[in-house]
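# Overview (structure and organization)
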Amino acid sequence: MKPKMNISFSGGRTSAYMTYMLKKHWSDKYDFIVIFANTGMEHPKTLEFIAACDLFFGFNTVWVEGVVHHGVKKASTHKVVDFFSASRNGEPYEAYISKYGIPNRAFPQCTREMKLYPMQSYLRSLGINHRTIPTAIGIREDESRRVSKSAGIENLIYPLVDVWPTDKQEVLDWWKEQPFDLEIDEFEGNCVGCWKKSIKKHFLQIERDPSCYDFYRRMEDTYRTHGPQDGERVFFRGPTDTRKLFKLYEEFGNDPAAANKAAFAVDGGCSESCEVYETE
Ligand code: SF4
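Residues numbered from 1 in each chain as written. Predicted model: local features only at pLDDT ≥ 70, side-chain atom pairs only at ≥ 80, totals over all residues. Heavy atoms only, no water.

### With respect to the sheet that holds strand β5 (residues 135-137)
How we decide: Any two strands between which DSSP finds at least two bridges are classified as paired. Secondary structure elements are defined from DSSP: runs of H or I of at least 4 residues count as helices, runs of E of at least 2 residues count as strands, and each element is numbered from the N terminus. We call two residues in contact whenever any of their non-hydrogen atoms come within 4.5 Å of each other. Orientation is described by lines fitted to C-alpha atoms, with helices fitted over the stretch in contact, and by angles between N-to-C directions that extend from 0 to 180 degrees.
Ordered in space as β4-β3-β2-β1-β5-β6, the 6 strands form an open sheet in which the pairing is mixed. Looking at which strands have only one partner, the edges of the open sheet turn out to be β4 (77-81) and β6 (156-157). Against the sheet, helix α1 (residues 13-26) contacts β1 (4-8), β2 (31-37), β5 and β6, and its axis sits at roughly 160 degrees relative to β1.

### Focus on the nonpolar core
Side chains of nonpolar character tend, in soluble globular proteins, to be buried together. Convention followed: In this text, buried Ala, Val, Leu, Ile, Met, Phe, Trp, Tyr and Cys residues form a nonpolar core when linked through side-chain atoms within 4.5 Å. Classification of residues uses two cut-offs on accessible area relative to the type maximum, computed with a 1.4 Å probe and protein chains only: under 20% is buried, over 50% is exposed, and between them is partly exposed.
One finds F9, L22, F32, F49, C53 and W175 to be the most contacted residues of the largest nonpolar core, which totals 32 residues. Secondary structure elements with two or more residues in this core: β1, α1, β2, α2 (44-57) and α6 (168-176). Those residues in contact with F49 that lie beyond four places of it in its chain are F9, G11, G12, R13, A16, W175, F180, D181 and L182. Counting 30 residues, the second largest nonpolar core, distinct from the first, contains V68, C191, C194 and L245.

### Remarks on the site of the ligand
Short version of the rule: Proximity is defined per residue: if any heavy atom of the residue lies within 4 Å of a molecule or strand, that residue is considered near it. Charged residues are taken to be Asp, Glu, Lys and Arg, nonpolar residues to be Ala, Val, Leu, Ile, Met, Phe, Trp, Tyr, Cys and Pro, and polar residues to be all remaining types, Gly included.
Taken together, Y93, C110, T111, M114, N190, C191, C194, W195, K196 and C274 make up the full set of residues adjacent to the ligand. Counting residues per element, the shell around the ligand draws most heavily on helix α4 (residues 110-125), at 3 residues. Across the shell around the ligand, the residue classes break down as 7 nonpolar, 2 polar and 1 charged.

In structure tokens, the structure reads:
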């Protein structure tokens, strides 16, 4: 029997390319368990892309969603869903917020509870302690600063850094040759209104589809005081809530840098994304 390897599939181009390479070159060495954790706030095209990868490349992705446990000190577990049953209106995300409060720079536990722990929970359901098998993470050579400090203890591998060193352009070029692609721009990746995204990305997203932020506004209206902190919590830096973000867009829509100065003390890396085990 071949040893197992877990692949953390984020639903992005890089992660999909890594999965393709692993399955193509290492299938004689490993049985792969490809897992995608859905927060319910991914762009619908991301879900279609994952389904297409399964169809064209045979990824056999396991779709999981986080299950939070209220009233007890217990990490999120998982439920298995599929392309058709996957949440599309932020249900896992709202469940997370209803227990832990709104995530933001000061309370960044959303990846852990909505992606990392549900993936580990799924592996446990197979009788596998995640640390006993390698987990492949889709980080490229040109972004290797994001390699996790806990890579050794968590048994993480970075094939696009260490095995097939690959940069962003190579990934994009490869996808141009394929029969389908992820039909969204970079700013629409991961959770559409992710608090990690730069204001420039938020402005592009608002311009394209302001309704993406209805969920975030509703969360701030409903759960603003949830959590252990004194006072209120909102998603964006500054602190900036969704209403203020839209006011900034009206005022500085063509000048994200000025909006940054007006609202955010610190500019975020505009290429930040959501990888499990990412270095903080
Ligand atoms: S994409 Fe952003 S909001 Fe979504 S889980 Fe990751 S860090 Fe949290």
